[in-house]
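# Observations on the model geometry
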Amino acid sequence: MTAHPRRLSALVVAALTATAGTVVATAGPAAAFTPRTPPLTTPWTGQVSTTNPLPEYPRPQLTRADWQSLNGIWQFAGASNLNTPPTGQNLGEEILVPYPVESALSGIMRRQDYSYYRRTFTVPSGWSGRNVQLNFGAVDWQSKVWVNGTLLGTHEGGYDKFSYDITGALRAGSNEIIVGVWDPTDSQDIPVGKQRLNRGGIWYTPYSGIWQTVWLEPTNPARITRLDTTPNVGAGGLDLVVQAANASGQQVTAQVLSGGTVVGSATGTVGSSLRIPVPNAHLWTPDDPFLYDLRVTLASGDTVGGYFGMRSLGKAMLGGVLRPTLNGKFVFQLGTLDQGYWPDGISTAPTDAALRFDLEQQKALGFTMVRKHIKVESDRWFYWADRLGLMVWQDMPALASGREPSAAGRTRFEKELRELVDEHKGITSIVQWVPFNEGWGEYDAGRIADLVKSWDPTRMVNHNSGSNCCDSDPDPGNGDVIDDHVYVGPGISRPPTATRFAVNGEYGGLGLRSPGHEWPTAGKFAYEWLPDSTALTNRYVQVTGRLVDLINGNGLSGSVYTEPTDVEEELNGFFTYDRQVRKMDFARVREVNLRVLGAASGSTLPVNRLASLRVTTPGYTNRYLRHSAGAARTDVLTTASSTTDRQDATYWVRPGLSNASCYSFESRNFPGQYLRHRDSRVYREANTGGSFAGDATFCARPGLSGGGTSLESANFPGRYLRHRAEQVWVEASTGGSFNDDATWAVGAPLWRSGADLTAGQNRSFRVTTAGFDTRYLRHRDGLARTDVTTASSPLTDRQDATFTVRTGLADTSCYTFESVNYPGQYLRHAGYRLQKAGNDGSAVFAQDATFCAQPGLNGGTGTVSLESINYPGYYWRHHAEAVYIATNGGGNTWDSAGSYNADATWNNATPLG
């Protein structure tokens, strides 16, 4: 009989339309399936069908016309081992497959180390004469499968799919399937990712048992089992290896289709590579995720469908920096740390629409990439990533952290790692493999990276995301990627090299409480807390905006924000865990994300910021554009060059004088004078009227050489700022090295202070906030604060409020402030509080005690704002008499936006002492 439709919510919702036929269930009586109430419900919880959950075809890369879903209600029982399958016995409970045992959607919602599943089915009469395959998307962790009492096999691995040909075990009429599962989670050395028996904080509820679709399909005895597709853009075709069972040496025919029309075909044999021509290929990109269809037929008759995208992956020196490339171009990999957890289904999205939703939202926010964090998703998740246009960094689920992997653990890890790579070679969106994360369970990282590269040389390999922190072993120096984790960040501690590009594999983690939408446990976690949605959005915009400087100044090629949704105790998401609440202003998130992508492409520059323009022509990348005696030229400059030289090579990037959507470059040390072209040469000059505004305006274009920025003359389209024989001109292309010569790295300024202080002078710093402008910054009991201080105040108070300006300990273009009455002690920040301390000689102290002078944030003559060199965007700010380094709208109480600009602006005053 067919089970009556049931739902997991009291809400009346329409039944989902199944794409698979109904399998006749003949299981005997058991305790009726009872919906469980999850700690949080998603918009899709009530849409889960109990007769046909997750009805979509589960394997878009290898499709067949006939199939039958076995998802639905099965019998269930806990067990003490897997040695005595309950053949022919009714089990005492019911479970909804394919939701893991611990989930509310399963109807069990408890931990079970050992368990048995049971159901019966009949084979459709139309399948007569064909073999029958029993397919599992994933079962965590060890499973044994019996059909009609015959053990078909034992499988180990919680994240890979597997199948059995059950033809020989079938009988007429009703057939019985029993699946036994053992899942030790982190009590054994197996790949577990974020699952923990002792969950909490960054470790989550474990999931076990069947957690992806189970289905039957009829096949010929000789059948195709996998399509390994590799787009070969350079050769103008698709390289294909057809894997098959019982078909050794058989001929195969493969066709590529676009819109139903065959555009290329080829023949070959099973197991060997064949190339199918794809003429005038429509390339796959995040902006245009075009996919071709694929049809493959064995000579003996088996036919399957699939799809692929034409795209190339690589790395190249662009603009003098090693970058990852997509179709030969640098596309900044702006991503999120997607962990794939759900409050109702834990590891399994309640519906396919829910699965798609998470990716759609990240795409809508402007992200180009998603890092699938130490979990492997179902094939349909990858299908949506391919279809929507999101590049994927695919992590390997980690062994448990904090202990050295055993020999057995290493064997299991490498087996499952190989399965991960082999099963996903045909996924267009995957651009990078990540074997390890922060050293969790790490061993032989160099060997493992080389091993993965040998299995798949077409993609980048990141040996250990976050190799600068945590449990990480020493960096072996191989692979394609240098990956730092910096919270809150963003940041990187190591520059790219000639062989490895640099990414910030995790940053952010900004938290916001959302009562009524939180996992009902204590111990809520975030890397920084914000009080409300506006503050959270402001902070996201601020920290993500810093990526621009890292891209242009430090060679950053990718970033990963933590994270798309809250996960259990972690409250770092754009969405709450139940996907019910947007925690930020999404329009503003998208705007800053697109600004970052524009900066990476070279089409946008940060305005009203200092920058230097570095040459990108190979062999000349240590030269900068500077003005000397009024004429622009390029010279070799470093941070050790003279003050004048570095200031001459530093410019304020301003909105274009003739076109605000373009840019003008104002001299740092000659205010009011701009770079302009005159008779094709470029000079630093004051505005002379006439054509000056147009001559001094340049429009940013993606670098002509493939990286960096090219600056096109606003009034002479087609002519670009380029260096030639040390001089700088505005010219049209002359061939040769022109594209390199006309491409610039617009990055961090050689002179970081936008305002001048005089080293060696004593100065005092007076508050400018209205109503408090009789107060001065001073130290008392070692801590910085503000007090009312006048010329008649005690000498000690006046000396405490007086500092000698010194050249910056960490950067000579910035400043350090020495106490006049405690020589050798300096203002430095520690725990955000500004304080007086002795120099311990460390690099950390030098950075904490170095501040770059900028024009007063609140304006005014004789004012200055002091920016932390190692916390960009943080300025000296007085708050309730104490003085901190603070950022506008940050997560601390002293970061409040109210009166921030005034509080962070100081009068550069005559010394009190």
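Scroll up to find the structure.
The structure contained in this document is the topic of the report that follows.

### A look at the packing of aromatic side chains
Within the structure shown, the criterion is met by 49 aromatic pairs. Both rings, one in F413 and one in F436, keep their centres 5.2 Å apart while their planes meet at 5°; by these two values the pair is stacked. Residue F413 is located in helix α3 (residues 407–423), and its partner F436 is located in strand β27 (residues 436–437); the two are separated by 23 residues in the primary sequence. When sorted by exposure, F413 lands in the same class as F436, which is buried. One aromatic cluster is present, formed by W44, W342, F357, F367, Y507, Y540, Y561, F574, F575 and F586 through successive ring pairs. Just above the ring of W342 sits the side chain of R579; from NZ or CZ to the centre is 3.6 Å.

### Things to note about the state of the cysteines
Counted by the stated rule, this structure contains two disulfides. Shown here is the disulfide that connects C662 with C699, its sulfur atoms set 2.0 Å apart. Around the S-S axis, the bridge from C662 to C699 shows a dihedral of about 85° and counts as right-handed. You can see C662 sitting in the loop between β38 (651–655) and β39 (663–667) and its partner C699 sitting in strand β42 (residues 698–702), a full 37 residues away along the chain. In this model, C814 is linked to C852 through a disulfide, with the two sulfur atoms separated by 2.0 Å. Between C814 and C852, the S-S dihedral sits near 75°, and the bridge is therefore right-handed. Of this pair, C814 sits in the loop between β50 (803–807) and β51 (815–819) while C852 is found in strand β54 (residues 851–855), placing the two residues 38 residues apart along the sequence. Residue classification places C852 among the buried residues on the basis of a relative accessible area of 3%. Cysteine pairing in the protein chain follows 1-2, 3-4, where each cysteine in a disulfide is numbered by its order in the sequence.

### Let's talk about the pairing of strand β58 (residues 906–909)
Looking along a regular strand, one sees the side chains alternate between the two faces of the sheet. The pairing of strand β47 (residues 762–767) with β58 spans four bridges and is antiparallel. Note on β58: the bridge partner recorded for R766 is N907.

### Brief notes about the packing of helix α5 (residues 533–545) against helix α7 (residues 586–601)
With their axes 10 Å apart at the nearest point, α5 and α7 run at an angle of 5° to one another. With respect to α7, the axis of α5 lies roughly parallel. Mapping the contact onto sequence places T537, N538, Y540, V541, T544 and G545 in α5 and R588, V589, V592, N593, R595 and V596 in α7. Residue composition of the contact of α5 with α7, grouped by class: five nonpolar, five polar and two charged.

Calculation criteria
Residues numbered from 1 in each chain as written. Predicted model: local features only at pLDDT ≥ 70, side-chain atom pairs only at ≥ 80, totals over all residues. Heavy atoms only, no water. Phe/Tyr/Trp six-rings, centres within 6.5 Å; stacked < 30°, edge-to-face > 60°. Helix = DSSP H or I, 4+ residues; strand = E, 2+ residues; numbered from the N terminus. Buried < 20%, exposed > 50% of the residue type's maximum accessible area, 1.4 Å probe, protein only. Lys NZ or Arg CZ within 6 Å of the ring centre and 35° of its normal. Disulfide = S-S within 2.5 Å. Pairing = 2+ DSSP bridges. Axes fitted to C-alpha atoms, helices over the stretch in contact; angles between N-to-C directions. Parallel < 35°, antiparallel > 145°, perpendicular 65-115°, else oblique. Contact = heavy atoms within 4.5 Å. Nonpolar A, V, L, I, M, F, W, Y, C, P; charged D, E, K, R; others polar.

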